[in-house]
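One-letter residues, chain by chain:
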Amino acid sequence: MRRVLPLCLALLAPWSAAQAPGVLQGVRLVREPGPGAEVRRVLAKVPREVQVGLLVRDLTTGAELEARGADLSLIPASTVKLVTALSVLLDRGGAGGWWSTELTVPAAEVGRPRVSHLTLRGGADPTLGVADGPNSLRALARQAHARGVREVGEVRLDEHTLDAATWEGLPLGVPMTPVRLAEWHASPPTSAAEARRRAGAALIAELRRAGVRVRSETVGTALPFTPSLPPSRVDERGRALPPDPFVPVARRPEQGVASVRSPSPTGVLAATLRPSDNLRSEELLATLAARPGGNGTLAGALARERSALRRVGVDLTGVHLADGSGLSRENRLTARALVDLLRASHDLPYPAGSVRAEPPARTYRERRNTLAEALPQAGTGEDDPEHDGRGGTLARRLVGSGLDVRAKTGTLPGVSALAGYVTGGSGHTLAFAVLMNGPQDSPVLTLRAVQDEMVRAVAAAH
């Protein structure tokens, strides 16, 4: 331990506490294997004022191969999206999961052609569309018509699933609402009220298109969904009896007349991670907040992320989560936490919880690992239809290296990060994470070049 303390203090020295708030938080004084000679040569190119956290682990043997400052708590930028993606996969039960949206009517009006209102209830499904395919408002409207609904007094939205106000103040500046439409991606609503108006207007148009008359253009706000409330009973002596099994209509919750569900989250994960899409990542985080699984708040979603990571063995020392995209400079991760996450994702069967039919290494090698396949693939060159956008933010990095690198980038002023997988010369899959934090005018292109050279060195050495 006497050898380790000076080393850790030396690594922290280039930055003052004011330059790197929280960097000392959660630092553990542990013995590291240290970087090998070639990796040390590469890291020597990092400017002195830039802090580095590095860890490389062999996922076949479990051995830590290279490390430097693996437990430093650093700003991770968009590598936070790895946390969001894995948490959503775990929450949905793996690649076979989905989100759902439904239309409900008052219990007393079920089966009637004329209803006082239709309520649109959603779980923040980021893939719901207006008219495209089975997961759309058009599909909901057609189902309602098929169930005999011919006239609606007004359309209402249940906004109690999410507390949009808890997302205010994040750098992205876009409210998270329980009903989102894929068509909004290029021009998202700027407030929850605007989201309600736009979603309600789209549903009204689709209901009319399906042959359902809607009398009011006003989009109302629904009461929160409440479960059945069986009447309490007592005997002749006033002693409590089991509730009456017959629930009067007035005590029943609204009943569904239409429902749709999303495809597997696999597609939206790829559309999020490969181009590093900040809005989609925040939308994914919002699905973790949605009631009833969550408590409707940003803080609740972040707490569910921590709980998910803890369950799969991620070391949360020095980890602080502030958003789903990594835009916030309040986020903190360690190289160790990222490598733990990558190890967990590599080892989980897909869909999560199923009986494993093959070793994880084979799943990864034959490109059936859900999270790994959603990551950018290094060296594909220009993104074009031939590559189906697979290269993403790594398309022009490590071109011609011949390496199989699937990883997530991260960039903010003064911050550059790379975390993912590379197949080493041994044939083993290596999980790696490198976080670099420095002054905001640090040469990010230089840091990326060092990261790429480091990946080459690690793959050659191991």
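Given the structure is predicted, the values throughout are model-derived calculations rather than measurements. (Residues numbered from 1 in each chain as written. Predicted model: local features only at pLDDT ≥ 70, side-chain atom pairs only at ≥ 80, totals over all residues. Heavy atoms only, no water.)

Draft legend 1. Broad picture of the overall build of the chain. When helices and strands are tallied, the chain shows 12 helices and 13 strands. Burial analysis of the chain (462 residues in total) assigns 54% to the buried set. If you take every contact in the chain between residues at least 6 apart in sequence, the share linking residues at least 24 apart comes to 68%. In the form shown here, the chain has an accessible surface area of approximately 19,500 Å², with 53% of it arising from carbon and sulfur atoms. (Helix = DSSP H or I, 4+ residues; strand = E, 2+ residues; numbered from the N terminus. Buried < 20%, exposed > 50% of the residue type's maximum accessible area, 1.4 Å probe, protein only. Contact = heavy atoms within 4.5 Å. Areas by Shrake-Rupley, 256 points an atom, 1.4 Å probe, with all protein chains shown as cover.)

Draft legend 2. Representation of the pattern of salt bridges in the model. Here the structure, examined in full by the defined rule, presents 29 salt bridges. When the shortest N-O distance is used, the salt bridge between E151 and R213 registers 3.3 Å. Of this pair, E151 sits in strand β5 (residues 151–157) while R213 is found in strand β6 (residues 213–214), placing the two residues 62 residues apart along the sequence. In this structure E151 comes out as buried when scored by relative accessible area, which is 12%. Residues D452 and R397 are paired through a salt bridge, measuring 2.8 Å at the closest nitrogen-oxygen approach. Remark: R397 occurs in the loop between α11 (370–374) and β11 (405–412) and D452 occurs in helix α12 (residues 444–461); sequence separation between them is 55 residues. Pair check on accessibility: D452 and R397 agree, each one buried. Through salt bridges with shared partners, one network takes in R57, E64, D71, R336 and D340. (Salt bridge = Lys/Arg side-chain N within 4 Å of Asp/Glu carboxyl O.)

Draft legend 3. Molecular detail of the packing of aromatic side chains. Counted under the stated rule, the structure contains one aromatic pair. Its guanidinium or amino end placed over the ring of W98, R261 lies 3.8 Å from that ring's centre, counting from NZ or CZ. (Phe/Tyr/Trp six-rings, centres within 6.5 Å; stacked < 30°, edge-to-face > 60°. Lys NZ or Arg CZ within 6 Å of the ring centre and 35° of its normal.)

Draft legend 4. Spatial organisation of empty space enclosed by the protein. Considering all chains together, one arrives at two cavities of 30 Å³ or more under this definition. Space inside the second largest cavity adds up to approximately 40 Å³. Lining the second largest cavity are L157, D158, E159, T177, P178, V179, A192, A195, R196 and A199. For the lining of the second largest cavity, the class distribution of residues is six nonpolar, one polar and three charged. (1 Å grid on protein atoms, 1.4 Å probe; cavity = no way out; pocket = protein on both sides within 12 Å on 5 of 7 lines; lining within 4 Å. Points joined across faces, edges and corners; volume = space filled by probe spheres on them. Nonpolar A, V, L, I, M, F, W, Y, C, P; charged D, E, K, R; others polar.)

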